[in-house]
Amino acid sequence: MSAIVEVSGLTKIYGSGPSQVTALDAVHLTVPEGQFVTVMGPSGCGKSTLLNLLGGLDTPTAGAITIDGHVIGDLPDDQLTELRRRRIGFVFQFFNLIPVLNATENASLPLRLDGIRDAEQRASTWLERVGLGDRLHSRPDQLSGGQQQRVAIARALSTEPALVLADEPTGNLDSKSAAEIGELLQQVSQTWGRSVLMVTHDPRIASYAQRLVLMRDGRIVDDVTLDGTREAPRTALERSGLL
């Protein structure tokens, strides 16, 4: 099984002198094709910094990142933009949908930016797969929070990416909708074969992943295979002294 994410010695330092902060400290991480990995740890432990670096939204101070066989640091800006648009899907806490566009138009946006002719047809297919076949023409204000996040996931998948990066994707949802999004991201990995790397504060949502990476002070302190039980992430957090 090939690795979609390979990270070695990844370090990110902000500022200098007395105000210097090491957000990531020589992190090593590999995510195989089709694996669902969740990252947990206290606020300020480096979770979001890791996600931003993997998505090419920030540059590391040191270390190397390979995404789908491409060494990010070696790519010129135009090729990095292309990689980000075609091979990485992003899902955020606040959906980031455009209010005046309907579900199909929102989900097809990355494809239209890439000049794909059948963009809306592809987006409609993904919306049907995520359970929104009857809401293709609904605007965000006509959808629940959980439905809006499904549109965002369809948008992330519309380009057929190798990797989906999800930053607190259930942080803005009620518990029932959050569980449904956890199940959907599990399906993204197990049924559709995408690698998923999710940051979350919620142990219950983390339990949908196959693997749990625990962080503290910019470092990975544990890397656990999950068994599908809802208690497993909380047990791992307690064992690592993070709860």
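Residues numbered from 1 in each chain as written. Predicted model: local features only at pLDDT ≥ 70, side-chain atom pairs only at ≥ 80, totals over all residues. Heavy atoms only, no water.

Q: Which parts of the structure should I look at to understand the packing of aromatic side chains?
A: Centre distance and the angle of the planes are the two values used to describe a pair of aromatic rings. In the structure shown here, the tally under the stated rule is two aromatic pairs. With a centroid separation of 6.0 Å and an interplanar angle of 0°, the aromatic rings of F90 and F92 are classed as stacked. What makes F90 buried here is its relative accessible area of 17%. Given a relative accessible area of 30%, F92 falls into the partly exposed group. (Phe/Tyr/Trp six-rings, centres within 6.5 Å; stacked < 30°, edge-to-face > 60°. Buried < 20%, exposed > 50% of the residue type's maximum accessible area, 1.4 Å probe, protein only.)

Q: How should I be thinking about the layout of surface pockets in this particular structure?
A: One water molecule sets the probe size; rolling that probe over the atoms shows where empty space is left. The space that makes up the largest pocket amounts to roughly 330 Å³. What lines the largest pocket is a set of 14 residues, and nearest its centre among them are R84, R85, I88, F90 and P110. Breaking the lining of the largest pocket down by element, the ones donating at least two residues are α2 (77-87), β6 (88-91), α4 (109-113) and α6 (145-157). Residue composition of the lining of the largest pocket, grouped by class: seven nonpolar, four polar and three charged. Around the second largest pocket, the lining residues are G56, D58, T59, P60, G63, A64, I65, V71, I72, G73, L75 and L80. Among the elements that make up the lining of the second largest pocket, the one with the highest residue count is strand β4 (residues 62-67) (three residues). A class-by-class count of the residues in the lining of the second largest pocket yields seven nonpolar, four polar and one charged. (1 Å grid on protein atoms, 1.4 Å probe; cavity = no way out; pocket = protein on both sides within 12 Å on 5 of 7 lines; lining within 4 Å. Points joined across faces, edges and corners; volume = space filled by probe spheres on them. Helix = DSSP H or I, 4+ residues; strand = E, 2+ residues; numbered from the N terminus. Nonpolar A, V, L, I, M, F, W, Y, C, P; charged D, E, K, R; others polar.)

Q: How should I be thinking about the side chain of R150 in this particular structure?
A: Position of R150 among the secondary structure elements: in helix α6. Sequence-distant contacts of R150, that is, excluding residues within four places in its chain, are made with V130, L132, E180, I181 and L184. (Contact = heavy atoms within 4.5 Å.)

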